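# Observations on the model geometry
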Amino acid sequence: MTPARLREAREILRSNSREDRYTVPSAHLYPYQWAWDSAFIAVGWATFDRERALVELETLFSRQWPDGRVPHIAFWADTDTYFPGPAQWGRTDTSTITNPLVFALALERVVQRWGRMSPAVTSRMGQLLRRIERAHAFVATARDPLGIGAVACAHPWESGRDNCPAWDRAMARVDIEGVDASGRTDKAKVDDAAQRPTDEAYRGYLALVAAIREGGFGMGPFAVYDPFLTALLIRSDDALLRLAERFDVETDAARRSDRAAAALHASLFDGEGYVFLDARTSETQRLPLLAALQPLAARPPPGRIEALAEAREAFRHGYAAPTVAPTAEAFDPVCYWRGPVWINMNWLHEPVLGSCVRDGALALIERSGFREYFHPETGAGLGAERFAWSAALALDWSEPL
Ligand code: GLC
């Protein structure tokens, strides 16, 4: 990236920072702290302010629930500019669902950039690791309704990939009768509402929020096993294990990771690719999604990477990897998680697709700025502007360790 873009990236993190302790994804669209956003954001902070990186994660984990879950939103600010807010979730402090486990991966990056550590920082690292351990334990148990060892999501928002085609079938079964999405604030904040999920999808999201609230914050009616979330549990547990050894913290990561790897590479693999398994209907679906390649970064069995060469090729496409293969029926180049390029997904898939995703993603940012997502064919920027994880991960890529 050019020096001007690098300066801009740091400036975006500084100006999206609130109270010097958390960073909003976008000042315009997302006014609170989002969990997996903060992990990526910490990776960016670590390139020029490591203390601020650690504080970002500490702030997030200060709202961890007693059961270990790290809610996907922490409502630090008092604002009515985001919907659904505290009233819909039924809590004033946080949302009630989780987010992909990327915290140990992020913390490992922070540690790698830190260098020599004082005893006080070492002790803070230990405390954070004990909290991350509890977050992993929560997901491995409370998000495995069939007890198979893999990770399911209770809401599309738990996957971080809101309207990804993988959720369409299960969402079609959610009862949205009488659910009103007219409180949405997001559509008017982007250039074109076609870049955001439909109202029908939103009614489903709200129905699930209500069902989870009424059911006492368990899983609710939606439960789909996700190869992406499962692969991230494995990658994060492996990072946690390395960190736990260094900081002398007790962890069950080795056992959890082995169990999840066995489930992922057998139960969520149908011989040709990784599948989504609906825990409520037992139906599986194989879809041409970038997220379905994440298992190849999570201890794949011998020969598996080569066997999926063709599937991988579909994502080596123009500017960086799109979220849905352009040949797929569901592909939509402008609509959110149904085709556009996302910077964090490219960062997470570099071990699978190689450095072309880094080069493609940085070229996109050079061309269109730090947007939330991008049109895979034209490279045009979409969604929010000055989006924090796009800035953070570009910084990480631009400053190799
Ligand atoms: C959207 C994205 C989600 C992200 C959040 C805040 O809901 O789909 O992944 O965490 O915005 O940026």
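Above this text you will find the structure in question.
The present account deals with the structure reproduced in this document. Note that this is a predicted model, so its numbers are computed, not measured.

Looking now at helix α2 (residues 35–45). A large share of α2 lies buried, amounting to 11 of its 11 residues. All buried positions along α2 are accounted for by Ala35, Trp36, Asp37, Ser38, Ala39, Phe40, Ile41, Ala42, Val43, Gly44 and Trp45.

What follows covers the nonpolar core. If you look at the biggest cluster of nonpolar residues, it comprises 148 residues, and the most contacted ones within it are Trp36, Phe103, Leu107, Met125, Trp167 and Leu348. Leave out the neighbours within four places in its chain, and Trp167 touches Cys153, Pro156, Ser159, Arg161, Asp162, Phe222, Val224, Asp226 and Phe276.

With that settled, consider the site of the ligand. Around the ligand sit Pro25, Tyr30, Trp34, Trp36, Asp37, Gly160, Asp162, Tyr336, Trp337, Phe387 and Trp389, and those are all the residues in its vicinity. Here an oxygen atom of the ligand sits 3.4 Å away from a polar atom, N or O, in the side chain of Tyr30. Within the side chain of Trp337, an N or O atom sits 2.8 Å from an oxygen atom of the ligand. For the ligand, whose accessible area on its own is 310 Å², the fraction buried by protein is 95%. Partitioned by chemical class, the residues of the shell around the ligand number 8 nonpolar, 1 polar and 2 charged.

This paragraph deals with the pattern of salt bridges. Applying the stated criterion across every chain yields a total of 35 salt bridges. Taking the shortest distance from any N to any O, the salt bridge between Arg256 and Glu133 comes out at 3.1 Å. A residue pair is termed long-range when its members are at least 10 positions apart, and Arg256 in helix α10 (residues 253–266) and Glu133 in helix α6 (residues 119–142) qualify at 123 residues. Comparing Arg256 with Glu133, the two get one shared label, buried. By sharing partners, the salt bridges in this structure join Arg184, Asp186, Lys187, Arg196 and Asp199 into a single network.

What follows is about the packing of aromatic side chains. Taken as a whole, this structure holds 29 aromatic pairs when the rule is applied. Aromatic side chains Tyr32 and Phe75 sit 4.8 Å apart centroid to centroid with 75 degrees between the ring planes, which places their arrangement in the edge-to-face category. In this pair, Tyr32 sits in the loop between β2 (22–23) and β3 (33–34) while Phe75 sits in the loop between β4 (73–74) and α4 (86–89), placing the two residues 43 residues apart along the sequence. For the pair shown, Tyr32 and Phe75 are each scored as buried. Aromatic pair Phe61 and Phe103: ring centres 5.3 Å apart, planes at 85 degrees, arrangement edge-to-face. Of this pair, Phe61 sits in helix α3 (residues 50–61) while Phe103 sits in helix α5 (residues 103–114); the two residues are 42 residues apart in sequence, bridging distant segments of the chain.

Cut-offs used in this document
Residues numbered from 1 in each chain as written. Predicted model: local features only at pLDDT ≥ 70, side-chain atom pairs only at ≥ 80, totals over all residues. Heavy atoms only, no water. Buried < 20%, exposed > 50% of the residue type's maximum accessible area, 1.4 Å probe, protein only. Helix = DSSP H or I, 4+ residues; strand = E, 2+ residues; numbered from the N terminus. Core = buried A, V, L, I, M, F, W, Y, C linked by side-chain atoms within 4.5 Å. Contact = heavy atoms within 4.5 Å. Near = heavy atom within 4 Å. Polar contact = N/O pair within 3.5 Å; in protein donor to acceptor, adjacent residues only side chain to side chain. Areas by Shrake-Rupley, 256 points an atom, 1.4 Å probe, with all protein chains shown as cover. Nonpolar A, V, L, I, M, F, W, Y, C, P; charged D, E, K, R; others polar. Salt bridge = Lys/Arg side-chain N within 4 Å of Asp/Glu carboxyl O. Phe/Tyr/Trp six-rings, centres within 6.5 Å; stacked < 30°, edge-to-face > 60°.

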